[in-house]
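The chain contents come next:
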Amino acid sequence: MNSQYYPQGRSPPPLQHPIPTHAHYQIPEPPTTPGVEGYMRFTSPPGGGQGGPSQPMNNGYMQQQQPQKQLYGGGPGYGGAAGGAYQSFGGGGAGPSLSVPGAGLPNLAAWGVNDATTQMGMQLGRSAVTAGQDYVAKNFGSHLASVGIFKQQFNVSNSYVLQKLRVVLWPWRHKPWSRKIRRSETDGTQNAGYQPPRDDINAPDLYIPSMALVTYVLTAALIAGINKKFHPEVLGVAASKAIAVLLLDVSFVKLGCYFLNIQGQGQGVDLVAYGGYKFVGTIVTLLSGLLLGRKLYWVVFFYCLAANGFFLLRSLRYVVLPDPNANVGNSTVTHAQRGWRVRFLFIIAMMQILYMAILALL
């Protein structure tokens, strides 16, 4: 193989290995390991780049970059604006320092941010938040108020539920029927509405009517199953009938309040609550017919009907005939208006016969 390239008697030249060369500049030492006193802070020294733990590293880096600057042209024109920035970060130039001396915090003044700019930004932020709150209050204030009213209607306790059921089923000896007034927190003499159901047994709630409506639907399905007439449509029919009766009752009372010029705070929600209490008497009537037989069914029905009518007469009195001492969004009622409103109360009580008969007859 060698004979093809070299004549006989001659050997190939000896191999020459490259001789390693060392850099002509000093390699910077690595940073020291953090000790017990805390971690080392790698920030540029203030002012002219003197002192600080990062000085040896920066000087070595600057020495390493000098040949590169000469290779690419060197001189003061190298880097332009970037050179000034490089000097400011390296610590060897006279550029502005980006750290607060002695604290290690960024110096925002180097970026054009001062106290006046900060205050202006905070004022703009407050103005934006205030404008957003005003927009929400202007466009969604009525809806938020309705949500607050519904939330108050479910503010109940276990003792309230038991006492309210007793009043609905046995209202004959209950006294007093007037609702408690909630005073303003800033001024104790001003009225701020009525107390929530948790604090007032005479306050209407939506917890008992909603639970009673669901129980009525399940009771109707149970009776249909015992009579071997159950099918899935029974649940839908019972729920539709209950909601239709409730809407009819509330619409009738609301229409009468409109013609008699009866106004009040949260009146619609209170009427839904009072209209839903009739489901309690209807459930008792259905269960009595299932357990006690058909003969006692009508006795329990007429008792629950009378109890519900008497309960509505006394409870709706503060809606139809407001107390002038309460002064919660109500106006003065004349003698003629009072007479018409008393007749309207009795008509509401008599209408319960129709509503409970529709619900009880499955």
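Residues numbered from 1 in each chain as written. Predicted model: local features only at pLDDT ≥ 70, side-chain atom pairs only at ≥ 80, totals over all residues. Heavy atoms only, no water.

Engineer: Can you help me understand a positive patch on the surface in this one?
Structural biologist: Judged by side-chain charge, Arg173, Lys175, Arg314, Arg317 and Arg338 come together as a positively charged surface patch. Within the secondary structure, Lys175 is located in the loop between α4 (158–169) and β1 (181–183). Given the relative accessible area of 74%, Lys175 is considered exposed. (Patch = residues over 30% accessible without salt bridge, like charges linked within 9 Å, V, L, I, M, F, W, Y side chains within 5 Å. Areas by Shrake-Rupley, 256 points an atom, 1.4 Å probe, with all protein chains shown as cover. Salt bridge = Lys/Arg side-chain N within 4 Å of Asp/Glu carboxyl O. Lys, Arg positive; Asp, Glu negative; His and termini not counted. Charge placed at Lys NZ, Arg CZ, Asp CG, Glu CD. Helix = DSSP H or I, 4+ residues; strand = E, 2+ residues; numbered from the N terminus. Buried < 20%, exposed > 50% of the residue type's maximum accessible area, 1.4 Å probe, protein only.)

Engineer: Would you take a moment to explain the packing of helix α8 (residues 278–292) against helix α9 (residues 295–315) for this structure?
Structural biologist: Between two packed helices, what matters for the description is the angle formed by their axes and the separation of those axes. Where α8 meets α9, the axes come as close as 8 Å, and the angle between the chain directions of the two elements is 165°. The pairing of α8 with α9 is recorded here as roughly antiparallel in orientation. As α8 packs across α9, the resulting crossing turns out to be right-handed. Each of Lys278, Gly281, Val284, Thr285, Leu286, Ser288, Gly289 and Leu292 in α8 lies in contact with α9, whose residues at this interface are Leu296, Tyr297, Val300, Phe301, Cys304 and Asn308. Here the contact of α8 with α9 is composed, by residue class, of eight nonpolar, five polar and one charged. (Axes fitted to C-alpha atoms, helices over the stretch in contact; angles between N-to-C directions. Parallel < 35°, antiparallel > 145°, perpendicular 65-115°, else oblique. Left-handed = near helix turned anticlockwise from the far one by under 90°. Contact = heavy atoms within 4.5 Å. Nonpolar A, V, L, I, M, F, W, Y, C, P; charged D, E, K, R; others polar.)

Engineer: Can you walk me through helix α6 (residues 233–259) in this structure?
Structural biologist: Since the α-helix advances by 3.6 residues per turn, residues separated by three or four positions end up pointing in the same direction. The first and last C-alpha atoms of α6 sit 39 Å apart over 27 residues, in line with the 39 Å expected at 1.5 Å per residue. Taken as a whole, α6 has its buried residues at Val234, Ala238, Ala242, Val245, Leu246, Asp249, Val250, Val253, Gly256 and Cys257. For α6, the secondary structure elements touched by its buried residues are α5 (207–226), α7 (267–276), α8 and α11 (335–360). (Expected span 1.5 Å × (residues − 1).)

Engineer: What is the right way to look at α4 in this model?
Structural biologist: The terminal C-alpha atoms of α4, which comprises 12 residues, lie 17 Å apart, in line with the 16 Å expected from a rise of 1.5 Å per residue. Among all positions in α4, only Tyr160, Val161, Lys164, Val167 and Val168 are buried. Down the axis of α4, the buried side of the element spans an arc of 130°, and every buried residue falls inside it. Opposite its buried face, α4 presents the exposed residues Asn158 and Leu162, each directed more than 90 degrees away. (Arc of directions from axis to C-beta.)

It is worth stressing that arrangement in space is one thing and function is another; only the former is reported here.
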